[in-house]
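So the chains spell out like this:
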Amino acid sequence: ERLPSTMLLLTTSLAITAAFGLVLGVWLATRVGSRVDRIVSWISAVSYALPGWWTGILLILVFGFALRWLPTGGMFSTPPPTDPLGRFVDLLYHAIMPILTLVLVSLGPAVYVTRTMTMTVAQEDHVTLARAKGMEESTVRRRHIMRVAAPPIVTGLILGLAGSLGGSILVETVFEWQGMGRLY
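Source: prediction; values computed, not measured. (Residues numbered from 1 in each chain as written. Predicted model: local features only at pLDDT ≥ 70, side-chain atom pairs only at ≥ 80, totals over all residues. Heavy atoms only, no water.)

Here's the deal with the overall build of the protein
Logical step 1: Scanning the protein for helices and strands turns up seven helices and zero strands.
Logical step 2: N-terminal to C-terminal, the α/β element order of the protein is α-α-α-α-α-α-α.
Logical step 3: Considered along the principal axes of its C-alpha atoms, the protein spans approximately 65 × 30 × 30 Å.
Logical step 4: Expressed as a percentage of contacts within the protein between residues at least 6 apart in sequence, the contacts between residues at least 24 apart total 73%.
Logical step 5: For the protein, the accessible area works out to roughly 10,700 Å², and carbon and sulfur atoms hold 69% of it. (Helix = DSSP H or I, 4+ residues; strand = E, 2+ residues; numbered from the N terminus. Contact = heavy atoms within 4.5 Å. Areas by Shrake-Rupley, 256 points an atom, 1.4 Å probe, with all protein chains shown as cover.)

Here is the structure:
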């Protein structure tokens, strides 16, 4: 009965991380060495080093207590709404901070891996040959770079799901989310 609550956090955070990681990583791979690339690479390293539970506590302090924008814990308000739509909206409202915590902790590695894989593939000979043949840059990027870089990137994202389960246990405990973390 608690697995769907954990899966809600994990799948939502993984989808957000994958979308932003792919877009930002590919974009950064075209700007290697620029100021933006260095700044985002530094932020990615910091994101990789952040513990999920600590990030969650900081978000609670900022958005829950200081700004009073979001609830500090639990899955529903007290008392919970009785109508199904109100209950669903309340659940989403309470899920914002745990999902944001998981995204902040996992986005850095996703961006960095995507950037590195895309940059490595872009320097291979078949990409240079495609450019020498006069193909448009968008076609080269789509057919010759992303097609080759996609399998390891997707594999890394899927394997990251197992790692995020361990982080989710601590995040669920910090936010009093009634999922697998509280059960463990």
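Structural notes on unusual backbone geometry
Logical step 1: In the segment running from T78 into P79, the intervening peptide bond is cis, with an omega of -10°.
Logical step 2: Phi angles above zero are rare outside glycine, and E176 is one such case at about 55°.
Logical step 3: In this fold, E176 is placed in the loop between α6 (137-174) and α7 (180-183).

Notes on the packing of helix α3 (residues 52-66) against α6
Logical step 1: Between α3 and α6, whose axes approach to 8 Å, the crossing angle comes to 30°. Taken together, the axes of α3 and α6 lie roughly parallel to each other. In terms of crossing hand, the pair formed by α3 and α6 is right-handed. On α6, the residues that touch G52, W53, G56, I57 and I60 of α3 are L170, V171 and V174. (Axes fitted to C-alpha atoms, helices over the stretch in contact; angles between N-to-C directions. Parallel < 35°, antiparallel > 145°, perpendicular 65-115°, else oblique. Left-handed = near helix turned anticlockwise from the far one by under 90°.)

Observations regarding the environment of V62
Logical step 1: Tracing the sequence through the fold places V62 in helix α3.
Logical step 2: Overall, the relative accessible area of 39% leaves V62 in the partly exposed class.
Logical step 3: A sequence separation of 43 residues divides V62 from V105, and the C-alpha atoms of the two residues are 17 Å apart. (Buried < 20%, exposed > 50% of the residue type's maximum accessible area, 1.4 Å probe, protein only.)

Describing the environment of L28
Logical step 1: Assignment of secondary structure puts L28 in helix α1 (residues 3-29).
Logical step 2: L28 sits in the buried class, given a relative accessible area of 1%.
Logical step 3: Placed 13 residues apart in sequence, L28 and S41 show a C-alpha to C-alpha distance of 9.1 Å.
Logical step 4: For L28, the contacting residues outside a window of four places in its chain are V36, D37, V40, V111 and R115.

With respect to the packing of aromatic side chains
Logical step 1: Enumeration over the complete set of coordinates arrives at one aromatic pair.
Logical step 2: Looking at R87, its charged tip hangs above the ring of F76, at a distance of 4.1 Å from the centre. (Phe/Tyr/Trp six-rings, centres within 6.5 Å; stacked < 30°, edge-to-face > 60°. Lys NZ or Arg CZ within 6 Å of the ring centre and 35° of its normal.)

Comments concerning the nonpolar core
Logical step 1: In this structure, L9, A95, M97, I99, F175 and W177 are the most contacted members of the largest nonpolar core, which totals 14 residues.
Logical step 2: Those residues in contact with I99 that sit more than four places away from it in its chain are L9, T12, S13 and I16.
Logical step 3: Judged by nonpolar contacts, the second largest core, of 10 residues, contains A110, V127, A130 and V140. (Core = buried A, V, L, I, M, F, W, Y, C linked by side-chain atoms within 4.5 Å.)

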